[in-house]
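Listed below, chain by chain, are the residues.
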Amino acid sequence: MSSSAPIGVFDSGLGGISVAREIAKDMPAEHVLYFGDSANAPYGVKTPEQVKALSFDIVERFVEHGVKAVVIACNTATSAAVNDLREHYDIPIIGMEPALKVACDRGDAPLGQQHIPQRVIVAATPLTLRERKFAELMKRFDSDNTIFKEPCPDLVEIVESGQLGNHDLVMRTLHHYFDRYDLDRIDSVVLGCTHFVFYRDYFRELLPKHAAIIDGNEGTVRHLGVVLESLGKLAPEDALGRVEISNSDPSERIAKLSHNLLSA
Ligand code: DGL
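These numbers were taken from a predicted model, which means no experiment stands behind them.

Student: What is the right way to look at the pattern of salt bridges in this model?
Tutor: Inspection of the entire model under this criterion finds eleven salt bridges. Between Lys25 and Glu22 there is a salt bridge whose closest N-O contact spans 3.6 Å. You can see Lys25 and its partner Glu22 sitting in helix α1 (residues 17-26), three residues apart, about one turn around the helix. Using a relative accessible area of 58% as the deciding quantity, one classes Lys25 as exposed. As a salt-bridge pair, Glu30 and Lys68 come within 2.7 Å of each other at their nearest N and O atoms. Within this pair, whereas Glu30 is found in the loop between α1 and β2 (31-36), its partner Lys68 is found in the loop between α2 (48-64) and β3 (69-72), the two being separated by 38 residues in sequence. Among the residues examined, Glu30 registers a relative accessible area of 5% and is labelled buried. By relative accessible area, Lys68 is classed as buried at 2%.

Okay, here's the thing in structure tokens:
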């Protein structure tokens, strides 16, 4: 595969566009083929087997298109399928997981001083929070920190149905999920689902100033860059990159929403 081959990026729907947008910003020479599976969204309430089968179908099509790497721009599909996909394909497969490490590391004090325990809410899909991958991640951090798991499936639906601009609906939904916490005592909220990255401003409105809002997009794109560079597969610097979007839901509505989110 040549370095000017495209990168395949996929999600259950529109959430992964937040990752494609980050790739376009940080690696403007890259050609991204984005696939959103909105006809089958949401993934977060499906079984791991269903999500695995859908993910394999998408990656198979990417491989037919000659991609040089795949980014699973979906925490849920990563939980269900990343290990099997890596075993099956010999191109780099970059996955995502809730950025819990970044949140907990905020409590690390300078050398010799004690870690300040962090109180962290991880907002993600029910499947991500239920899977073994997240349990293992949590095990690394929960002895030194307090971690709350908050499944927020409605936040996926709001993006998919084009209601992200409905301030009342979004704030009502956030209050529904987060009013049970004493938010003044929360150090950070991890956006462990790529759809939730589009809610950053709403979370800012909900949370007290001191609370950080953390997502894994930047880290994922940095990692993608490191992997491609190590393989000599970064696109030539003078190449004119672009993001091409397709979706299993062929409607005009989804196409329009996708392009709006890409330039949001
Ligand atoms: N955007 C996805 C994630 O990062 C999944 C949303 C869904 O389909 O439930 O987990």
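What follows continues from the structure just given.
Student: Sorry, what's going on with the UniProt feature "active site" (unreviewed entry) in the chain here?
Tutor: Under the UniProt annotation, the feature "active site" (unreviewed entry) is placed at Cys74 and Cys193. Of the residues just listed, which span 120 residues, no C-alpha pair is farther apart than 6.5 Å, and they cluster in one region. In this structure, the largest cavity is lined, among the annotated residues mentioned, by Cys74 and Cys193. We classify Cys74 as buried; its relative accessible area is 4%. Non-local contacts of Cys74, meaning those with residues more than four positions away in its chain, are made with Phe10, Asp11, Ser12, Tyr43, Met96 and Thr194. Structurally, Cys193 is set in the loop between β7 (188-191) and α9 (200-206). Classification of Cys193 by relative accessible area gives buried; the value is 6%. Look past the residues within four positions of Cys193 in its chain and what remains in contact with it is Asn75, Ala123, Ala124, Thr125 and Val156.

How each quantity is defined
Residues numbered from 1 in each chain as written. Predicted model: local features only at pLDDT ≥ 70, side-chain atom pairs only at ≥ 80, totals over all residues. Heavy atoms only, no water. Salt bridge = Lys/Arg side-chain N within 4 Å of Asp/Glu carboxyl O. Helix = DSSP H or I, 4+ residues; strand = E, 2+ residues; numbered from the N terminus. Buried < 20%, exposed > 50% of the residue type's maximum accessible area, 1.4 Å probe, protein only. UniProt positions renumbered as here; feature names shortened; annotations may be inferred. 1 Å grid on protein atoms, 1.4 Å probe; cavity = no way out; pocket = protein on both sides within 12 Å on 5 of 7 lines; lining within 4 Å. Contact = heavy atoms within 4.5 Å.

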